[in-house]
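Residues per chain, in single letters:
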Amino acid sequence: MSTSDKNLKAILILGIFFASGVAGLIYEILWMRQLTQLFGSTSQSAAVTTAAFFIGIAAGSYFWGQQTSKLSNPLKTYALLEFGIVAAGLFYFLLFQIYFLLYSTVFEVFSGTGLLFALVKCVLAIVLICPASFLMGGTLPVMGEHLIKERQHLGRWASTLYGINTLGAVVGATAAGFFLPRLLGFNVTYTVALTLSFTLGAVAWLLSRLESPKEISAEPKSVFSISPGKILNNFSFVEFTALLSGFLSLAMQVLWIRMFVQVLQNSTYTFSAVLVVFLAAIALGAFLVRLLINRMPANLNTLLLLMAASGVACLITPFVFVSWTNGLSYLGNQDQLGSYLLQVFFTTGVIVGIPTVIMGMVLPYLYRYVEHLNEAPGVTLGRLNGWNTSGAVIGPLVASFLLLPLLGLWNSVLLLGLAYLAVPIVLFENSRARMATVATFVTLLLFANPTTLPLVRINADEERLLALWEGSDGTVAVVERNGSRRIKLNNWYALGGSGALRMEQIQTHLPMHLHPEAKSVFYLGMGSGITAGTVLNYPIEQVTVAELSAEVIRASAQYFGEYSNSFHEHPSVEVVHEDGRNYLAGTRDSYDLIIADLFIPWRAGVALLYTQEHFERARERLNPDGLFVQWIPLYQISERELKIIARTMTEAFPMVSLWRGDFYAEQPILAMVGHQQAQPMSPQLPIIQRSLSDIAAFRSGEEAQIPLLSYYLGTLTQGNTWFAESPINTDNNPVVEYLAPESHRAERAGLIQWFVGDQMITFMQQLQQAAEPTVDPYLSELDINLKQSVYAGLFFHLAAVAREQDNEQARQQALQVGRELLGDSS
């Protein structure tokens, strides 16, 4: 074979390995997303899924690395690995469906057991993912064994392979995070990855037929001379360094993600952007080693300098972050999605990309460092990668479940930075270098100590921080402002508070009046707990409240008991730290009412709470005549997403009635009530007679008794022309996950408006024109005078909008019509 043919073949093989990285990240992201559907969106579930993936990679790297010296045709073995990945991928897909059917049994047995349930989830994830990831782990050592013909080229080729594969992972993360699932859905995207793996296997198989049997050199030659004092020949040190590098880099990734969720939109796009930056930086680190390999002596001091530089970079990162974000201010306030994501890429690239490049150089340099060892290249690669990935298994778990809850974010960064610096401090043979490292650390500790940085942004002139918790589920703060308390999650998202007392209470009052005989209620989401606590004003027997964040549960119990009837202490109430969707999918209990909290559609993972499958499972958990109530924050949703959610809900329920939760003009909420039968409202319902004290429509000091029936808007059923052209949001194709962040950024840029004000009023008018209260089937059994209350509600809302627009004349006219419809001529 000529030199040009060999070069062409090498390029083709590198292309195969690049594409293998593409497929690998598509698999990983899809597995993470799909197992979230099965296990829930808790931090524990995400951690065990990631751990399962890396366990397979680590075991596969080590096992297949040990086999490489026995392979006569490594490229053929690589092809078989790709074929095996396809088979294991199909196995995952089939077993996932079986697990989903059996999950309620697993949930019933282990739910509430805490760590034991997490271990069960880990075992299930290992069985699902590890067969494929075990084979993926073998691709690098096997491909390295094929390409590296001479031991002295180990560092050069191994860093090239590692960089190429990781660069492919960047493309895979971009494709799976931004494009493919949105365009094709998860199942078709998964099929694309399987097809790619099969194609790679087929090409590698054809190329392997051109290979001659490999000749194994018994004594690989060392191409450099190093005195025993300059290098540790004991491989256990190299294994430890690989393990520590994987542990620290993945632990830091967890901390950096926690750092950035304080200032980002936190949609599926922003999380994908951070992942892409992290992978790109690791790839760049590998390529830098490849570029500089002839200038980097294979000695201990060079390795220790890389470790020291990594530690310094980690310690500096928090200060750069806080300064860049002006004290944890929201990033990219008025950018559209495209320009916003560019800003996210640039910001994360500068703040954490540079440190990650340095950290990403450690493992590739280790390939260079061990070129002198007398063993097959694949064995070395498998051992190093196996230990490095083992560290990647442990790092995120320790960071999520030990460091953050026990030490907090900035203390954890300090500890990991010190861990990086500890190695050179102990092992530098040159006393000056050791002292310089110590001096650098002490200087940073004195003048750039990250533990002095803020954890939440507080307006000192108006707000007072009452409490703060850092845990695996997020950073939760209780803030007091103007005498009112509220909960903030990750510095930005308000989870309700005493200042919105009436709005939170009506989220229980309205459903309880629609189902006055309700004895069992399930709350999906808790927030401050005021909504859930309101149910204790009724003769209730069983209340279950599911909350994703343990820290939110603590905040609610300690600071909102006086506003929530101290429901945490009530014997009829059970508060569970669990993903509410996951709980409904697993429990066999049934309820008269299921009340879902206000969920912001553009936040990552929230779209799964608006899917057809979730609505159908919720319906299965309802008792006969039970109701499912989904509250919608109209001030955080566009008409496009609202139509999608409405159509999706009508696919699960034969009738969905719509109720306003208030008469606010700019921050209204809407209840979508799923009915199991399309039948008229009973005239005996308390909602017919009851009123609530509501000043939102008036805002002039006087209170008005507005009948609850005035909160009614109308009903939706399948085929409604309002949403006829909208897609259905499903687990396979969660379109809201990708469209809602676009709308959020468009609203920030002033290009669209949320579904409030005139847009909301127009919808209400159209809804009531389509089914006038006098002929609305849902109101057919009500007296004609009662039906006027529905019209009155529309005019009260018109009055609120007019007030917001400073149109006092229109406001007074609307109020007058509303009062007349209620029989009040004053």
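Procedures and definitions
- Every chain is numbered on its own, with residues counted from 1 as its sequence reads.
- For this predicted model, a pLDDT threshold of at least 70 governs which residues receive local features, and a threshold of 80 or more governs which side-chain atom pairs are given and counted, while totals over whole chains, interfaces and linings are taken from all residues.
- Based on all heavy atoms of the structure, the side-chain values leave hydrogens and waters out of the count.
- A helix here means a DSSP run of H or I that spans at least four residues, while a strand means a run of E at least two residues long, and both kinds are numbered starting from the N terminus.
- A helix's residues, less one, multiplied by 1.5 Å, set its expected span.
- At every residue, the bend is computed as the angle between two fitted axes, covering the seven residues ending there and the seven beginning there respectively.
- Throughout this description, buried means an accessible area under 20% of the type-specific maximum (1.4 Å probe, protein chains only), exposed means over 50%, and partly exposed covers the range between.
- Two N or O atoms form a polar contact when they lie within 3.5 Å of each other; inside protein one atom must be a possible hydrogen donor and the other a possible acceptor, and for residues adjacent in sequence the pair counts only when both atoms belong to side chains.
- Fitting a line to C-alpha atoms yields each axis, with helices limited to the stretch in contact; the angle taken between N-to-C directions then spans 0 to 180 degrees.
- Each angle gets one of four labels, with under 35 degrees taken as roughly parallel, over 145 as roughly antiparallel, 65 to 115 as roughly perpendicular, and the rest as oblique.
- Crossings are sorted by hand: turned counterclockwise from the far helix by less than a right angle, the near helix makes the crossing left-handed, and turned clockwise it makes it right-handed.
- Any two residues whose heavy atoms approach within 4.5 Å at even a single point are treated as in contact.
- In this scheme, patches are assembled from residues that exceed 30% relative accessible area and form no salt bridge. Like charges are connected within 9 Å, while nonpolar side chains (Val, Leu, Ile, Met, Phe, Trp, Tyr) are connected within 5 Å.
- The method behind every accessible area is Shrake-Rupley, applied with a 1.4 Å probe, and residues are considered shielded solely by the protein chains displayed.
- What makes a salt bridge here is a side-chain nitrogen of Lys or Arg within 4 Å of a carboxyl oxygen of Asp or Glu, nothing more.
- Two strands form a pair only when DSSP identifies at least two bridges running between them.
- Each Phe, Tyr or Trp ring (for Trp, its six-membered ring) is paired with any other whose centre lies within 6.5 Å, and the angle between the two planes then decides the class: stacked below 30 degrees, edge-to-face above 60, tilted in between.
- To sit over a ring, a charge needs its Lys NZ or Arg CZ within 6 Å of the ring centre and within 35 degrees of the ring normal.
- Residues are grouped as follows: Ala, Val, Leu, Ile, Met, Phe, Trp, Tyr, Cys and Pro are nonpolar; Asp, Glu, Lys and Arg are charged; every other residue, Gly included, is polar.

Enquirer: What's the story with helix α14 (residues 409-427) in this structure? I'm lost.
Expert: Each full turn of the α-helix corresponds to 3.6 residues, which orients residues three or four apart in the same direction. Between its first and last C-alpha, α14 extends 28 Å over 19 residues, near the 27 Å set by a 1.5 Å rise per residue. Along α14, the helix axis deviates most sharply at Leu421, where the bend reaches about 30°; the proline Pro424 sits within four residues downstream. Of all the positions in α14, only Leu409, Trp410, Ser412, Val413, Leu414, Leu416, Gly417, Tyr420, Leu421, Val423 and Pro424 are classed as buried.

Enquirer: What is the right way to read helix α18 (residues 550-559) from this model?
Expert: Listed in full, the buried residues belonging to α18 are Glu551, Val552, Ile553, Ala555 and Ser556. Two or three places before Glu551, at the start of α18, stands the capping residue Ser549, its side-chain oxygen 3.3 Å from that residue's backbone nitrogen.

Enquirer: Hey, could you run me through the packing of helix α2 (residues 43-67) against helix α13 (residues 377-407) in this one?
Expert: Each pair of packed helices can be described by the angle between their axes along with the distance between the axes. Their axes nearest at 7 Å, the elements α2 and α13 cross at an angle of 165°. Considering their axes alone, α2 and α13 lie roughly antiparallel with respect to each other. Seen from above, α2 lies across α13 with left-handed handedness.

Enquirer: Where do I start with the environment of Lys149 in this structure?
Expert: Among the structural elements, Lys149 can be located in the loop between α5 (139-147) and α6 (154-184). Lys149 sits in the exposed class, given a relative accessible area of 60%. In sequence terms Lys149 and Ser212 are 63 residues apart; their C-alpha atoms lie 13 Å from each other.

Enquirer: I would appreciate a short explanation of the environment of Thr451 in the present structure.
Expert: Locating Thr451 in the fold gives a position in the loop between α15 (431-447) and β1 (463-471). What makes Thr451 partly exposed here is its relative accessible area of 33%. Residues Thr451 and Gly112, 339 residues apart in the sequence, show an inter-C-alpha distance of 35 Å. Setting aside chain neighbours within four positions, we find Thr451 in contact with Trp410, Asn411 and Leu414. Of note is the side chain of Thr451, whose polar atom sits 2.7 Å from the side chain of Asn449.

Enquirer: Explain the side chain of Asn449 to me, please; I cannot follow it from the model alone.
Expert: By the element assignment, Asn449 lies in the loop between α15 and β1. In contact with Asn449, not counting residues within four places along its chain, are Phe319, Leu414 and Leu444.

Enquirer: Whenever I open this one, a nonpolar patch on the surface confuses me. Can you help?
Expert: On the surface, Phe179, Leu183, Leu184, Val188 and Val192 cluster together into a nonpolar patch covering about 450 Å² of accessible area. Looking at which element gives the most residues to the nonpolar patch, the answer is α6, with three residues. Locating Val188 in the fold gives a position in helix α7 (residues 186-208).

Enquirer: So what exactly am I meant to see when it comes to the pattern of salt bridges here?
Expert: Any two side chains of opposite charge can pair, on the condition that their charged atoms come close. Tallied over the entire structure, the rule returns 15 salt bridges. Among the salt bridges present, the one from Arg640 reaches Glu641, with a minimum N-O distance of 2.8 Å. According to the relative accessible area criterion, Arg640 is partly exposed, its value standing at 36%. Using a relative accessible area of 1% as the deciding quantity, one classes Glu641 as buried. The shortest N-O distance in the salt bridge between Glu808 and Arg811 comes to 3.0 Å.

Enquirer: Where do I start with the sheet that holds strand β9 (residues 622-633) in this structure?
Expert: To summarise the sheet geometry, strands pair through backbone hydrogen bonds and adopt either a parallel or an antiparallel arrangement. Reading across from one edge, β7-β6-β5-β8-β9-β11-β10-β14 is the order of the eight strands in this open sheet, with mixed pairing throughout. Only two strands of the sheet have a single partner each, and these edge strands are β7 (573-577) and β14 (712-716). Across this sheet, the average inter-strand angle for adjacent strands is 20°, counted without regard to direction. Pairing of strand β10 (residues 655-660) with β14, which is carried by four bridges, proceeds in the antiparallel orientation. Its bridge partner lying in β14, Val656 is registered against Leu716. Contacts between helix α20 (residues 612-620) and the sheet are confined to β5 (520-524), β8 (591-596) and β9, with β9 contributing the most and set at about 145° to the helix. In this fold helix α21 (residues 639-652) packs onto β9, β10, β11 (669-675) and β14, with an angle of close to 20° to the strand it touches most, β11.

Enquirer: When you look at the packing of aromatic side chains in this model, what are you seeing that I'm missing?
Expert: Working definition: an aromatic ring pair is given by the centre-to-centre distance plus the angle between the planes. According to the stated counting rule, one finds 40 aromatic pairs in the structure shown. For the pair Trp324 and Phe346, a centre-to-centre distance of 5.8 Å together with 50° between the ring planes defines the contact as tilted. Of the two residues, Trp324 is situated in helix α10 (residues 300-324) and Phe346 in helix α11 (residues 337-359); the sequence distance between them amounts to 22 residues. Joined through ring pairs, the aromatic side chains of Tyr27, Trp31, Phe53, Phe54, Tyr92, Phe93, Phe96, Phe100 and Tyr190 make up one cluster. The ring of Phe117 is capped by Lys121, whose NZ or CZ atom sits 4.6 Å from the centre of that ring.

Enquirer: Before we go on, may I ask you to explain the side chain of Asn73 in this structure?
Expert: Secondary-structure assignment places Asn73 in the loop between α2 and α3 (74-110). Those residues in contact with Asn73 that lie beyond four places of it in its chain are Ser208 and Glu211.

Enquirer: I'm lost on unusual backbone geometry in this one. Help?
Expert: Negative phi values dominate among residues other than glycine, just as trans dominates among peptide bonds. The backbone of Asn266 shows a phi angle near 60°, a positive value even though the residue is not glycine. With respect to the element layout, Asn266 can be found in the loop between α8 (235-260) and α9 (268-292). In this structure Asn266 comes out as buried when scored by relative accessible area, which is 5%.

Enquirer: Would you mind going over the packing of α3 against helix α4 (residues 115-137) with me for this structure?
Expert: Remark: α3 packs on α4, axes separated minimally by 7 Å, with the N-to-C direction vectors making an angle of 170°. Relative to α4, the element α3 is oriented roughly antiparallel. Of the residues belonging to the contact of α3 with α4, the class tally is 22 nonpolar, one polar and one charged.

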